[in-house]
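These are the residues of each chain, in order.
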Amino acid sequence: MTVTEQRGAHRAGAPTPPPAWQPRTDPAPLLPDAEPYRVLGTVGADRVEPELLRRLYAEVVRGRRFNAQATALTKQGRLAVYPSTTGQEAAEVAAALALEERDWLFPSYRDTLAAVARGLDPVQALTLLRGDRHTGYDPREHRIAPLCTPLATQLPHAVGLAHAARLKGDDVVALAMVGDGGTSEGDFHEALNFAAVWQAPVVFLVQNNGYAISVPLAKQTAAPSLAHKAVGYGMPGRLVDGNDAVAMHEVLSDAVARARGGRGPTLIEAVTYRMDAHTNADDATRYRSESEVDAWRGHDPVLLLERELTRRGLMDEAGIQAVRDEAETMAAALREHMNQDPALDPMDLFTHVYAEQTSQLREQAEQLRAELDAEAEMSEGGRS
Ligand SMILES: Cc1ncc(C[n+]2csc(CCOP(=O)(O)OP(=O)(O)O)c2C)c(N)n1
Ligand SMILES: [Mg+2]
């Protein structure tokens, strides 16, 4: 017998027990669609503004080139590591474009491209992955939190910032990005729970790229979809084709508007695929087949936009070439900057960590200072 049937079956005249459980929210409007939402390749594509299509295309092509260049830099010893978003550019770019300047982006380690599409200088965006110096950029200036390596820890930060902004009366939305694997972390649960209870102006974007390193999605969640997880917390879940830049832009913009309007958080699952390995340090052939990767090549975010622009006569071969040339110029500038050795002060390691340094850090700083001085003395002596 279900709880609902049990209520109806209560014996007449008997005292009514206090309700132990009452549904607070009708779950139906919160449920995601059964299939990922798509625009490109459907009749809905006809109503998309040409300017938006062109803008998304230019950004996605630029993003693809950025990914290729950053991966090449790891092979040249200029970057320690790069988690590529080749194949995921539509979701990355749409996340950046859906936000206003006053909003905040909370990226994971994979989301360098979203930070760059939001306007961050590509060299600054790669500083952390080069192992040079702290975050590499001023999070407050750009309203981009540091690229976050510990899985899902950026999510409660985003909720805290958004909730605080709302209490202060600031018009700020936080967009937090996380991978499919990150949804199995405790921080994911805590962040979503608080966000919904407080109706915080947050948007959670899960990029389901099929894998958490070598672990396929089915081995780490039994949920019908990751978007379904939203319902348990009392927020809407949206299932979207993550390779469809237009669908992503529309759903993210709707969720941002909803959050800004005081109607609370949304969880968006972008169904996409990581075309490259997890990072340059991973060999993806050990856990997935070439035919699986090939199947996704036909659903490439660049291809989907190119097809639509060509079909509607909005861009010809020359237009496409101009976009590619612009991306090439960006890549050449990035290469040139990354090939320069920055002058770094190792003592800088200790600044910007705590407002007031701890005694252990002070001790370590003194030790490093002494080692650097001794080294300098030795090389001075060698020269004379
Ligand atoms: C708390 C924590 N545990 C483990 C790791 C190691 N780790 C780094 S990436 C990763 C897989 C994450 O997969 P997913 O969330 O799907 O993101 P993707 O890399 O696919 O974008 C793991 C387990 C970590 N960084 N942080
Ligand atoms: Mg993943």
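In this text, all values refer to a predicted model and were calculated from it rather than measured experimentally.

Caption draft 1: Spotlight on the overall build of the protein chain. Along its length, the protein chain carries 15 helices and seven strands. Here the C-alpha coordinates of the protein chain stretch approximately 105 × 60 × 45 Å along the principal axes. For the protein chain, the proportion of contacts with a sequence separation of at least 24, taken over those separated by at least 6, is 77%.

Caption draft 2: View of the confidence of the model for the protein chain. The pLDDT averaged across the protein chain works out to 94; a share of 96% of its residues lies at or above 70. Within the protein chain, strand S3 (residues 202–208) carries the highest mean pLDDT (99), whereas helix H1 (residues 3–8) carries the lowest (60).

Caption draft 3: Structural detail: the environment of leucine 175. For leucine 175, the position within the fold is in strand S2 (residues 174–179). Among the residues examined, leucine 175 registers 27 C-beta atoms within 10 Å and is labelled buried. As for leucine 175 and valine 293, which are separated by 118 residues in sequence, their C-alpha atoms are 29 Å apart. Discounting residues that sit within four places of it in the chain, leucine 175 has contacts with Ala95, Ala98, Leu99, Asp103, Leu105, Phe106, Val203, Leu205 and Val256.

Caption draft 4: Structural view of the domain arrangement of the protein chain. Segmentation of the protein chain into domains returns domain 1 (28–280 + 288–338) and domain 2 (346–379). Taking only C-alpha atoms, the centre of domain 1 and the centre of domain 2 are 38 Å apart.

Caption draft 5: Quick peek at the site of ligand 1. Around ligand 1, the surrounding shell holds 14 residues, and the nearest of these are Leu151, Gly179, Gly181, Gly182 and Ala212. Across the shell around ligand 1, the residue classes tally to five nonpolar, six polar and three charged.

Caption draft 6: How the structure looks around the pairing of strand S7 (residues 266–271). Of all six residues making up S7, six are buried, and the element is well covered by its neighbours. Neither face of S7 is left uncovered, since the one carrying Thr266, Ile268 and Ala270 and the one carrying Leu267, Glu269 and Val271 both have all their residues buried. As paired elements, strand S6 (residues 237–241) and S7 share five bridges and run parallel to each other. Each bridged residue has a counterpart across the sheet, and for leucine 239 the counterpart in S7 is glutamate 269.

Caption draft 7: Geometry of the packing of helix H2 (residues 50–75) against helix H14 (residues 317–338). Two numbers describe how H2 lies on H14: the axes approach to 9 Å, and their chain directions differ by 30°. When you trace H2 past H14, the crossing you get is right-handed. Contacts between H2 and H14 involve Tyr57, Ala58, Val61, Arg62, Arg65, Gln69 and Leu73 from the first element and Val323, Arg324, Ala327, Glu328, Met330, Ala331, Leu334, Arg335 and Met338 from the second.

Caption draft 8: Layout of the packing of H2 against helix H3 (residues 89–97). Two elements in contact, H2 and H3, have axes whose closest approach is 9 Å; the angle formed by their N-to-C orientations is 120°. In terms of orientation, H2 lies oblique with respect to H3. In this structure, the crossing between H2 and H3 has a hand that is right-handed. Every residue of H3 that contacts H2 at Leu56, Glu59, Val60, Gly63 and Arg64 is listed here: Glu89, Ala90, Glu92 and Val93.

Caption draft 9: Local environment of the UniProt feature "domain: Dehydrogenase E1 component" (unreviewed entry) in the protein chain. UniProt annotation of "domain: Dehydrogenase E1 component" (unreviewed entry) refers to residues 64–334 when read in the numbering used here. From the first C-alpha to the last, residues 64–334 spans 14 Å; its make-up is 46% helix and 11% strand.

Caption draft 10: Region of interest: the environment of arginine 110. Here arginine 110 lies in the loop between strand S1 (104–106) and helix H4 (112–117). Judged by the 25 C-beta atoms lying within 10 Å of it, arginine 110 falls in the buried class. Expressed as a C-alpha distance, the spacing of arginine 110 and serine 359, which sit 249 residues apart in the sequence, is 34 Å. Those residues in contact with arginine 110 that lie beyond four places of it in its chain are Pro83, Thr85 and Gly179.

Caption draft 11: Structural context of the sheet that holds S6. One open sheet accounts for five strands, arranged S1-S2-S3-S7-S6; its pairing is parallel. The open sheet is flanked by S1 and S6, the only strands paired with a single partner. In this sheet, adjacent strand axes meet at a mean angle of 20° when their direction is disregarded. Here S3 pairs with S7 via six bridges, running parallel. Residue pairing for S7: leucine 205 is matched across the bridge by isoleucine 268.

Caption draft 12: Focus on unusual backbone geometry. Even without being glycine, arginine 143 reaches a positive phi, approximately 55°. Classification of arginine 143 by C-beta neighbours within 10 Å gives buried; the count is 20.

Caption draft 13: Structural detail: H3. Counting buried positions along H3 gives eight out of nine residues, so the element sits mostly inside the fold. When we look at burial in H3, the residues that qualify are Glu89, Ala90, Ala91, Glu92, Val93, Ala94, Ala95 and Ala96.

Caption draft 14: Molecular detail of the pairing of S3. Most of S3 is tucked away: seven of the seven residues are buried. With burial as the criterion, each face of S3 is covered, one bearing Val202, Phe204, Val206 and Asn208 and the other bearing Val203, Leu205 and Gln207. In the sheet, S2 pairs with S3 via six bridges, with the strands oriented parallel. For valine 178, the partnering residue across the bridge sits in S3 and is valine 206.

Caption draft 15: Examining the environment of leucine 105 more closely. Tracing the backbone shows leucine 105 in strand S1. The buried category is assigned to leucine 105, around which 27 C-beta atoms lie within 10 Å. Considering only alpha carbons, one finds leucine 105 and glycine 136, 31 residues apart in sequence, at a separation of 16 Å. Not counting residues within four places of it along the chain, the set of residues in contact with leucine 105 comprises Leu99, Ala114, Ala115, Arg118, Arg143, Ile144, Ala145 and Leu175.

Parameters and conventions
- Residues numbered from 1 in each chain as written.
- Chains lettered and ligands numbered in written order.
- Predicted model: local features only at pLDDT ≥ 70, side-chain atom pairs only at ≥ 80, totals over all residues.
- Helix = DSSP H or I, 4+ residues; strand = E, 2+ residues; numbered from the N terminus.
- Contact = placed C-beta atoms within 7 Å.
- pLDDT = per-residue confidence, 0-100.
- Buried ≥ 20, exposed ≤ 12 C-beta atoms within 10 Å, placed from the backbone.
- Domains from an automatic or database assignment.
- Near = placed C-beta within 6 Å.
- Nonpolar A, V, L, I, M, F, W, Y, C, P; charged D, E, K, R; others polar.
- Pairing = 2+ DSSP bridges.
- Axes fitted to C-alpha atoms, helices over the stretch in contact; angles between N-to-C directions.
- Left-handed = near helix turned anticlockwise from the far one by under 90°.
- Parallel < 35°, antiparallel > 145°, perpendicular 65-115°, else oblique.
- UniProt positions renumbered as here; feature names shortened; annotations may be inferred.

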